[in-house]
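# Overview (structure and organization)
Given next are the chains, with one letter for each unit.
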Amino acid sequence: MAFNNITLGQYYPVDSEVHKMDPRVKIVLLIAAIVAVFLAQNLMALVPVMVFLALAARLSRVPVKLMIKGLKPLRFILILTFVMNLFFLPGETPLLDLGFAVIKRESVITAVRYSLRLVLLVLFSSLLTLTTAPIALTDGLERLLSPLKVIRFPAHEMAMMMTIALRFIPTLLEEADKIMKAQTARGADFESGNLFKRAKAMVPLLVPLFVSAFRRAGDLAMAMEARCYHGGEGRTRLRVLKCEERDYWACLWVAVLILGVALVNRLF
Amino acid sequence: MLIRLDHVTHTYQPGSPFQATAIRDVTLEIRPGEFLALIGHTGCGKSTLAQHINGLLKPTEGRVLLDGKDIHEKGFSKKELRRAVGLVFQYPEHQLFEETVFKDVAFGPRNLGLAENEIKERVEEALERVGLTDPGIAEKSPFELSGGQMRRAAMAGVLAMRPEVLVLDEPAAGLDPQSREDMLQLISHLHSQGTTVVMISHSMDDVARFADRAVVMEKGAIAMEGAPEEIFRHGERLESMGLDVPSVCRIGMLLRGKGVACPEEMFREDQAYDALLALWKGGKAHGVQ
Ligand SMILES: Nc1ncnc2c1ncn2[C@@H]1O[C@H](COP(=O)(O)OP(=O)(O)O)[C@@H](O)[C@H]1O
Ligand SMILES: [Mg+2]
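So, how was this worked out
- Residues numbered from 1 in each chain as written.
- Chains lettered and ligands numbered in written order.
- Predicted model: local features only at pLDDT ≥ 70, side-chain atom pairs only at ≥ 80, totals over all residues.
- Heavy atoms only, no water.
- Core = buried A, V, L, I, M, F, W, Y, C linked by side-chain atoms within 4.5 Å.
- Buried < 20%, exposed > 50% of the residue type's maximum accessible area, 1.4 Å probe, protein only.
- Helix = DSSP H or I, 4+ residues; strand = E, 2+ residues; numbered from the N terminus.
- Contact = heavy atoms within 4.5 Å.
- Near = heavy atom within 4 Å.
- Polar contact = N/O pair within 3.5 Å; in protein donor to acceptor, adjacent residues only side chain to side chain.
- Areas by Shrake-Rupley, 256 points an atom, 1.4 Å probe, with all protein chains shown as cover.
- Nonpolar A, V, L, I, M, F, W, Y, C, P; charged D, E, K, R; others polar.
- pLDDT = per-residue confidence, 0-100.
- Domains from an automatic or database assignment.
- Phe/Tyr/Trp six-rings, centres within 6.5 Å; stacked < 30°, edge-to-face > 60°.
- Lys NZ or Arg CZ within 6 Å of the ring centre and 35° of its normal.
- Pairing = 2+ DSSP bridges.
- Axes fitted to C-alpha atoms, helices over the stretch in contact; angles between N-to-C directions.
- Buried area = accessible area lost by both parts, 1.4 Å probe.
- Salt bridge = Lys/Arg side-chain N within 4 Å of Asp/Glu carboxyl O.
- Expected span 1.5 Å × (residues − 1).
- Bend = angle between axes of the 7 residues up to and from the residue.

With that settled, consider the nonpolar core. Counting 52 residues, the largest nonpolar core has B:M155 and B:F232 as its most contacted members. A per-element tally of this core places helix α5 (residues 147–159) of chain B first, with 7 residues. When residues no more than four places from it in sequence are discounted, the contact partners of B:F232 are B:M204, B:V207, B:A208, B:L238, B:D244, B:V245, B:P246, B:C249 and B:F267. Ranked by size, the runner-up nonpolar core spans 35 residues in total, among them A:L29, A:A40, A:L257 and A:V264.

See below:
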């Protein structure tokens, strides 16, 4: 049925140097890479970024097809960005006269640059989520945000919430599938009718789903308390995050990337 | 109404890394008026099989035929199929959603497009059948009911569609002994009134007590098929599949092991009662205490 094809999180489990990196470092370096993308002031400056991404993707041993797949949900935004920039950006040198509008050379270049920027942002983020297990990701986020605890930011609680949400999404999808089938057996129709009718048809699915989610949440809270969970205070970890040589190398390469982008900016 | 599964194979999520073949080349006939029990170890494909009977799942290979017509053929009315074949899922109380019990039970008939007075009549009849007759209970929220009552309300939701074939996936699972017995009596009563019943069960005692025919599944395929008496004669084979024989059967085997002339045809409580009473009387006649 409808929910069978959703695989949650896109973690692609293979053994690679990128996979083995410390999740904290990966998150920080993702931010650095995004900075590099925005730093690039012209098309040429994006070339080192693309080269870096290609090398990193190669090293991660994630199939290219899988990375490209991450762009699919964004195709409309991408096309929109491109077309809007193409028609509405100011430019001087006319390139093509379509009759209703004149395409200018400068706007083509800018449209390509903006779209490319978007593509690169998504691909870098995909690289992080493809090579980092969701649990490691939340773990890394918690550690990175923990300095904010001094200003009462609930880093541990937030990470725990994310971990639990990730854990339960497949369970809830399974549950949704089951409930949907049960209502279909009673003659419910989830697939035809107009928008209003379809929204209404969701009620017999959503109500039991919420009831079950609350029941599960109650059970989980009880089970956690029974095992003496009392928040993050004084809690030790099973997997202690550690920076290793490869992490330092990665940092160095990203620094080189940022310098490279800055240099190309100057040159062109 | 004759339902026939013809070499049905079902693979979940084919082509993905999670691909799993749940049932393999299953051929099975569900005869009008019978009480068929479906037994097998957890994960052997019973629920998958059940969902093929009313077309919720489509066979990856093979066909499901209703009176000789393929139910997945174009032009076959799924709505009519879903009316004629009622499927009660495992823990059906988890699908309750309406504000009142009445409205929830009316969900099925309403989907069939029936008139309001017809719906009312069917809902009342269904609630009566499952024994939810306390005054005012129909206007209560289904979430206020007790566990056993919720199960019965969910069951009423299926019965209100007046199915000719009733498929039940572990209908007694997780109920207290009284609710369990009520549920089984209800199913047995429906069967005696002409409904064809297919019941998935882990209780061999219940199978021996109610079923005309039993199908044993192992790893997605049918391993044994026949009257319960036939099936339970192969105690070791069942045990090798992680299954069981009725407790009465076990008592019989233990007694025979001690040299007591206990009859082999002993699967149900009433048979055991007769056999043991006869043994006891015979023993008394010979002066044995
Ligand atoms: N929606 C699904 N997606 C993938 N695999 C499934 C799904 N439902 C059941 N399975 C698998 O199919 C097999 C048979 O399951 P099921 O029919 O529920 O068995 P049973 O009811 O006998 O316990 C199991 O191995 C189960 O893991
Ligand atoms: Mg099952």
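Residue and element names in this part refer to chain B. In the vicinity of ligand 1, the contacting residues are Y12, Q13, A22, H41, T42, G43, C44, G45, K46, S47 and T48. Take C44: an N or O atom from its main chain is 3.3 Å from an oxygen atom of ligand 1. In the model, an oxygen atom of ligand 1 is placed 2.6 Å from a nitrogen or oxygen of the S47 side chain. For ligand 1, the accessible surface in isolation is 560 Å², of which the surrounding protein chains cover 66%. With 3 residues, helix α1 (residues 46–53) is the single largest residue contributor to the shell around ligand 1. Here the shell around ligand 1 is built from residues that sort into 3 nonpolar, 7 polar and 1 charged.

All names here are of chain B. Positive phi outside glycine occurs at H7, with the angle close to 50°. Of the residues examined, H7 reaches a relative accessible area of 44% and is grouped as partly exposed. One non-glycine residue, D25, adopts positive backbone phi at about 45°. Here D25 lies in strand β2 (residues 20–30). The exposure class assigned to D25 is partly exposed, which follows from its relative accessible area of 48%.

Our next topic: the confidence of the model for chain A. The pLDDT averaged across chain A works out to 87; a share of 97% of its residues lies at or above 70. Across residues 1–8 of chain A the pLDDT falls below 50, and counting only partners more than four positions away or on other chains, this stretch makes 16 contacts in the model.

Once that is clear, we can look at the domain arrangement of chain A. Segmenting chain A into domains produces domain 1 (1–132 + 240–268) and domain 2 (154–235). Between the C-alpha centres of domain 1 of chain A and domain 2 of chain A there is a distance of 33 Å.

In total, this model carries 4 aromatic pairs over all chains according to the counting rule given. Taking the centre distance of 4.9 Å and the plane angle of 85° together, the rings of B:F97 and B:F107 count as edge-to-face. Within this pair, whereas B:F97 is found in the loop between β6 (85–88) and α3 (101–111), its partner B:F107 is found in helix α3, the two being separated by 10 residues in sequence. Both residues of the pair, B:F97 and B:F107, count as buried. When the ring centre of A:F168 is taken as origin, the NZ or CZ atom of A:R167, which lies over that ring, is 4.6 Å away.

Residues and elements named next belong to chain B. With respect to topology, 6 strands assemble into an open sheet ordered β6-β7-β8-β3-β9-β10, the strand pairing being mixed. Two strands close off the open sheet at either side, each with one partner strand: β6 and β10 (221–226). Mean inter-strand twist for the sheet, computed between neighbouring axes without regard to direction, equals 15°. Where strand β9 (residues 213–218) lies against β10, 5 bridges are found, and the strand directions are antiparallel. Note that in β10 the partner of V215 across the bridge is E225. Across the face of the sheet, helix α6 (residues 177–192) comes into contact with β3 (35–40), β7 (165–169) and β8 (196–200) while running at roughly 150° to β8.

Contacts between chain A and chain B engage 19 residues on the former and 20 residues on the latter. In total, chain A and chain B occlude about 1800 Å² of area from one another, counting both sides; carbon and sulfur atoms represent 63% of this. Taken together, chain A and chain B are joined by 1 salt bridge. Ionic pairing is found between B:D104 and A:R186, a salt bridge with its closest N-O pair at 3.1 Å.

Its 31 residues give helix α8 (residues 155–185) of chain A an end-to-end C-alpha distance of 45 Å, which sits within 8% of 45 Å, the value for a rise of 1.5 Å per residue. Maximum bend of α8(A): about 35°, positioned at A:F168, with proline A:P170 one to four residues after it.

All names here are of chain B. Burial runs high along β8: 5 of the 5 residues are buried. Sheet topology places β7 next to β8; 5 bridges connect them, and they run parallel. Looking at the pairing, V167 lines up with V198 of β8.

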